[in-house]
Each structure stands twice: as C-alpha cells, then as structure tokens.
Amino acid sequence: MIRNLVVLSFLFLMVNQGVKGQQIDIDFPGGNIIVDQPGSTSTLYYTLDADTVGIRPDLRDTSEEWFYWMFRVNGMEGKRVYFQFPKRQVGTMGPAISMDGGQSWSWQEEKIGEGKDYFVYGFDNSGKEVCFSVGYPYLEKDFTQFIQNYIDHPQLSLSTLTKSEKGRSAELLEIKAKEATSKAKVVIAARHHANEAMVSFVLEGFIRSMLEDNEPAMAWLRQHVDFLILPFMDKDGVQDGDQGKLRKPWDHDVDYAENPIYQSTQALKNTMLNWGEGKITTVFDLHCPWLFGEWNEHIYFVGDEDPAIAQEQQRFISILNEHQSGELVLDAEKAWLPYGEGWNVWEEDGNLQVPFLDWAKTLTGVKLTSILEFPFANHGKQVIHPENARQFGRDMARALGIYLKIESSK
Ligand SMILES: [Zn+2]
C-alpha cells in the first residue's frame, strides 16, 4: 500500500512537471513505446536530451517481435529529431501524426515508400504537442463518437458483450431486421488482435451504410437480416496499447477451444449460440496484416481450408468485385489467398488453440466465413485513409446484400 502511494505520488509529480520539459510519454489510451536512453525514471514518461532517440515497441506479453507503437512528444520546439527503431517498425507511409491530441491524423509521407527503421521529424516553434503512431489509431472514444450519430436508429441497439478482465465494457452492437422473422443472421468481429486499427474504419463504413444507405442491397439487408457486431474483441489491449497479436499463452483470435481463457471470447461463443438460433449463415473476422511486403500491402480475403466455404468466399468476392464503387478497388488476381499458400496455413496446437472462424463454421447453417486482411497504410499504389476504408466497408455491405439475397431465394 505504501509502495503504491509512493508510486502514485511520483507519477503525480511526473505529470505535473512533465509537460514542461523535453519529453516523450505514453500516459494516454493506446500509448506504447520504450525509449532506450539512460536517465529515464518512468516507463510512462521519458526525458529527452538528444536529437537522436532510440525507441522500440513495448512487446509486453507478445511472444514474437511485433510493431505497434504510439507516443506523444512535448517541448521539442525548433528541433529536428531522429527517431530510430531497432527493426523496420515504421510502415510504408511513415508514421501517422496528430497535432490535436489524437483527434485527427495524417500520414507523414506523401508517397508510398518502403518500411523503415526510423523516421525524422522537424518540430515547429509553436511548442505544441505532437502524437506519432505506427498507423491511424482507433480507440473506444472513436467508436463512441461514431455510434452516437445512430444511437436513436430504431433498428440499432448498443449493449455490452461482457466486461473485460480489467473491467471495461466490450461493446455489442445489434442491428435487427425490420421483419420479425429474419431470413439470415450475420456476425462481424473486429480487433481480436488489438493493434489492427485501420480495419475499424472499414467496420464504421459497413455500419454507416447499413443504417443510412437507400440503395436496394442495403434496404434488403435492413428488411431481412439480423446483425451482431463486435467492434473490440480485445478491449483491454486496444485501450492499453498492447500488440494483442501473438499474446502469451495465445491471443484472442485463437481462443475458441472448449474452455476459452478470455472473457470476451467465452461471451461471444455463448452469445452466438443463444442469439444465433441456428440461423447464422455468415461470419466475418476483420484484421490487418503486417506493415509491408507481400500479402501486406493490398486488401484480400483469406481462403478457408474447407472447399465448400472456399467456394462461397470466391462467390462473395466476385460479387464484391463486380459491384464496388469505393476508391479502393480489389485486385481480382490477389483478392483471395488460397489455403496452404503464403502464411495461410494453420498448425493445430493440441486443441488448446482454435481460431474464431474454425469454431464459427462448426455452427449449424454457417456457409460463408472469412477473414478480411485490410492493410495499415496502402492498397497497392493507393494510400489508405479512414474515408476510403469506410467506402470499402460500404462496398462489403452492398456485396453481402446481393449475396444473401441470392442465397435466400435458393
Ligand atoms: Zn489479426
């Protein structure tokens, strides 16, 4: 207790003194960095006295090297600072930068380049705080702000899937069909891997389109299909700025065996069994890949091992290809990663680890499941930003409407 008091008052001092000096800190939702510089007295606040700063992502309980980081800098006015990572942990557009406390972001680079192990930033003379992140972040506050626009929509209900291990609410969104007995049920989950933020804008676009758009496919979905949407499967990881991917002993996405270890995965299993009533036909699991390289710089769906599901995936993708109108257009040749190619091989691990979709496809009636891999920064030669990501979400909603309408008439 006394030790906690000492730590608390120490942190209090740091907070109060902090903003005045030259400083990096991560004392805000999503923050993550380690500064390799002698003389730092806290892992939340680092004093800076050099123009070259050695930094690296804080892996915490991650079993392998990963690349998520986000921090803010104060008191460096007029300085040009060289931020050096030990590995290539900066994406193809450089860091995302915010000058307004994380409200709005933009890429540092104008052009798509290669992943690097450093970035350089020239601070202006205003003394304003600058936030840097490996990509566009998407936190609880972003979802709350977004969903407020629709909170009175008659078909929408927002509740809690479960409390997380640290007592946070993991949101559960339901969009109910207008007709009492729906033709199909769809589940969409995001952030099984906490750091994979860009795909959250795709989910925003999907929801926005479902609730707003009057085109026939969306009107049909609103009439006939029930949706269950989970925006943050690893809520603690998102808010705490964890990598999330490859957590020890295993991460949320593969926690669908007999006895899950996380609250949210156990709760989602129960909810899908109760809510589903055997009518779930389609399940999407939204992800982002690695920062750069092959199968990391374009949008694609991940092929299932089961030939029947693989066939449905290809049908869905060809509808999407045919009907998309957003800025980011799927490359038909590379829109589907067949099972057994690239990284797409799953090795059983003594039945302790079962991927979400491997469990979901065992449910009666499920025909189409897929992981979407949506890159952090670029789709081929196109730069990704929140609005064209949302457009891709709308394209997915439209394709799903067309696909399910055909299915329901069979
Ligand atoms: Zn992932």
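Each chain has its residues counted from 1, running along the sequence as written. Owing to the predicted nature of the model, reporting of local features is limited to residues with pLDDT of at least 70; listing and counting of side-chain atom pairs is limited to 80 or more, with chain, interface and lining totals taken over all residues. Values reported for side chains reflect all heavy atoms of the structure, with hydrogen atoms and water molecules removed beforehand.

Some points on the pairing of strand β4 (residues 52-56)
Basically, it comes down to this: Note on classification: 1.4 Å probe, protein chains only; a residue is buried when its accessible area is under 20% of the maximum for its type, exposed when over 50%, partly exposed between these limits. Helix and strand assignments follow DSSP, with helices taken as H or I runs no shorter than four residues and strands as E runs no shorter than two, numbered in order from the N terminus. Strand pairing is assigned whenever DSSP detects at least two bridges linking the two strands.
Taking every second residue as pointing to the same face, the buried face of β4 carries Val53 and Ile55, while none of Thr52, Gly54 and Arg56 on the other face is buried. The sheet contact formed by strand β2 (residues 34-35) and β4 spans two bridges and is antiparallel. Directly across from isoleucine 34, in β4, lies its bridge partner arginine 56. Pairing analysis gives three bridges linking β4 to strand β6 (residues 80-84), with the strands arranged parallel.

So, the packing of helix α4 (residues 216-224) against helix α9 (residues 386-408)
Quick reminder of the rule: Here the axes come from fitting lines to C-alpha atoms, over the contacting stretch only for helices, and the angles between their N-to-C directions go from 0 to 180 degrees. Whether a crossing is left-handed or right-handed is set by the direction in which the near helix is turned from the far one by less than a right angle, anticlockwise for left-handed and clockwise for right-handed. Two residues form a contact once any of their heavy atoms are found within 4.5 Å. Gly counts as polar in this scheme, as do all residues outside two lists: the nonpolar Ala, Val, Leu, Ile, Met, Phe, Trp, Tyr, Cys and Pro, and the charged Asp, Glu, Lys and Arg.
Relative to each other, α4 and α9 sit at 65 degrees, their axes nearing to 8 Å. Here the hand of the crossing between α4 and α9 comes out left-handed. Residues Ala217, Met218, Trp220 and Leu221 of α4 lie in contact with α9, whose contacting residues are Arg394, Ala397, Arg398, Leu400, Gly401, Ile402, Leu404, Lys405 and Ser408. Considered class by class, the residues forming the contact of α4 with α9 number eight nonpolar, two polar and three charged.

Topic: the packing of aromatic side chains
Going by this rule: Each pair of aromatic rings taken from Phe, Tyr and Trp, with Trp reduced to its six-membered ring, is defined by centres within 6.5 Å and is described as stacked if the planes are under 30 degrees apart, edge-to-face if over 60, and tilted in the remaining cases. Lysine and arginine charges are scored as sitting over a ring when NZ or CZ, respectively, is within 6 Å of the ring centre and within 35 degrees of the ring normal.
In the structure shown here, the tally under the stated rule is 31 aromatic pairs. Between tryptophan 69 and phenylalanine 71, the aromatic rings sit 5.8 Å apart at their centres with planes inclined by 35 degrees, giving tilted as the arrangement. For the residue pair tryptophan 69 and phenylalanine 71, the accessibility class agrees, reading buried in each case. With a centroid separation of 5.0 Å and 80 degrees between ring planes, the pair formed by tyrosine 121 and phenylalanine 132 is classed as edge-to-face. You can see tyrosine 121 sitting in strand β9 (residues 118-122) and its partner phenylalanine 132 sitting in strand β10 (residues 130-133), a full 11 residues away along the chain. For the pair formed by tyrosine 121 and phenylalanine 132, the shared burial category is buried. Taken together, Trp69, Phe71, Phe83, Phe85, Phe119, Tyr121, Phe123 and Phe132 form an aromatic cluster joined through their ring pairs. Between the NZ or CZ atom of lysine 116 and the centre of the ring of tyrosine 118, over which it lies, the distance is 5.2 Å. The ring of tryptophan 275 has lysine 185 sitting right over it, with the charged end atom 4.6 Å from the ring centre.

Section: unusual backbone geometry
Of note, the bond from lysine 248 into proline 249 is cis; its omega dihedral lies within 30 degrees of zero at -5 degrees. Relative to the helices and strands, proline 249 resides in the loop between α5 (235-240) and α6 (263-276). You will see that glutamate 277, though not glycine, has its phi angle at about 45 degrees, which is positive. With respect to the element layout, glutamate 277 can be found in the loop between α6 and β15 (280-287). For glutamate 277, a relative accessible area of 57% corresponds to the exposed category.

Side note on the coordination of the zinc ion
Under the convention used in this document: For Na, K and Ca the donor cutoff is 3.2 Å, while for all other metals N, O and S atoms must lie within 2.8 Å; water is not among the atoms, so some sites may look incomplete. Tetrahedral means four donors with every angle between 85 and 135 degrees, whereas square planar (four donors) and octahedral (six donors) require angles over 155 degrees between opposite donors and between 65 and 115 for all others; sites fitting neither are termed irregular.
Coordination of the zinc ion by the protein is provided by His193 (ND1), Glu196 (OE), Glu196 (OE) and His287 (ND1), with metal-donor distances spanning 2.0 to 2.4 Å. Viewed at the metal, the four donor atoms of the zinc ion are separated by angles of 57 to 147 degrees, and the geometry they form is irregular. All donor residues of the zinc ion come from one chain, and their arrangement in sequence is H-x2-E-x90-H. Taken together, the residues histidine 193 in the loop between β13 (184-190) and α3 (198-212) and histidine 287 in strand β15 connect sequence positions 94 residues apart.

Digging into the nonpolar core
Stated precisely, the cut-off is as follows: Only buried residues count toward a nonpolar core. Its members are Ala, Val, Leu, Ile, Met, Phe, Trp, Tyr and Cys residues joined through side-chain atoms within 4.5 Å. What marks off one domain from the next here is an automatic or database domain assignment.
If you look at the biggest cluster of nonpolar residues, it comprises 98 residues, and the most contacted ones within it are Ile24, Phe71, Phe83, Phe132, Phe227, Phe301 and Phe374. With nine residues, α3 is the single largest residue contributor to this core. A domain split of this core shows at least three residues from each of domain 1 (18-133) and domain 2 (140-408). Setting aside residues up to four positions removed in sequence, phenylalanine 132 forms contacts with Trp69, Met70, Phe71, Val73, Phe83, Pro95, Ala96, Ile97, Trp105, Phe119, Tyr121 and Phe123. With 28 residues, the next largest nonpolar core counts Leu161, Trp275, Leu337 and Leu357 among its residues.

Description of the layout of surface pockets
Stated precisely, the cut-off is as follows: Definitions used throughout: a 1 Å grid over protein atoms alone; a cavity as a set of points that fits a 1.4 Å probe which cannot get out; a pocket as an open set with protein on both sides within 12 Å along at least five of seven lines; a lining residue as one with an atom within 4 Å of a point. Grid points are joined across faces, edges and corners, and a volume is the space filled by probe spheres set on the points.
Computed from the structure, the largest pocket encloses a volume of approximately 1000 Å³. Along the walls of the largest pocket sit 44 residues, with Lys245, Asp253, Trp343, Val345 and Trp346 positioned nearest its centre. It is strand β18 (residues 368-373) that contributes the most residues to the lining of the largest pocket, four residues altogether. Across the lining of the largest pocket, the residue classes tally to 19 nonpolar, 10 polar and 15 charged. Taken domain by domain, the lining of the largest pocket gets at least three of its residues from each of domain 1 (18-133) and domain 2 (140-408). What lines the second largest pocket is a set of 23 residues, among which Gly102, Gln103, Trp105, Lys141 and Asp142 lie closest to the centre. Elements represented by at least two residues in the lining of the second largest pocket include exactly β5 (70-74), α2 (140-148), α3 and α9.

Let's talk about the sheet that holds β4
Across the sheet, which stays open at both edges, the four strands sit in the order β2-β4-β6-β9 with mixed pairing between neighbours. Each edge of the open sheet carries a strand with a single partner, namely β2 and β9.

Re the domain arrangement of the protein
Put simply, the rule reads: As a working definition, buried area equals the accessible area (1.4 Å probe) given up by two parts on being put together, with both sides summed. In what follows, salt bridge is the name for a side-chain nitrogen of Lys or Arg lying within 4 Å of a carboxyl oxygen of Asp or Glu. Pairs of N or O atoms within 3.5 Å make up the polar contacts considered here, provided that, within protein, one atom can donate a hydrogen while the other can accept it, and that residues adjacent in sequence are counted only when both atoms are side-chain atoms.
According to the domain assignment, the protein consists of domain 1 (18-133) and domain 2 (140-408). The C-alpha-based centres of domain 1 and domain 2 are spaced at 30 Å. Listed per partner, the contact involves 27 residues of domain 1 and 27 residues of domain 2. Carbon and sulfur atoms supply 60% of the area that domain 1 and domain 2 bury against each other, a total of about 2300 Å² over both sides. Its largest share of buried area at the contact with domain 2, domain 1 owes to Asp61, Trp66 and Phe67, together 28% of the area lost on that side. Between the two partners, domain 1 and domain 2, sit two salt bridges. Two residues, arginine 60 and aspartate 242, come together in a salt bridge whose shortest N-O distance is 2.6 Å. Applying the counting criterion to the domain 1 and domain 2 interface returns 14 residue pairs in polar contact (both at pLDDT 80 or more).

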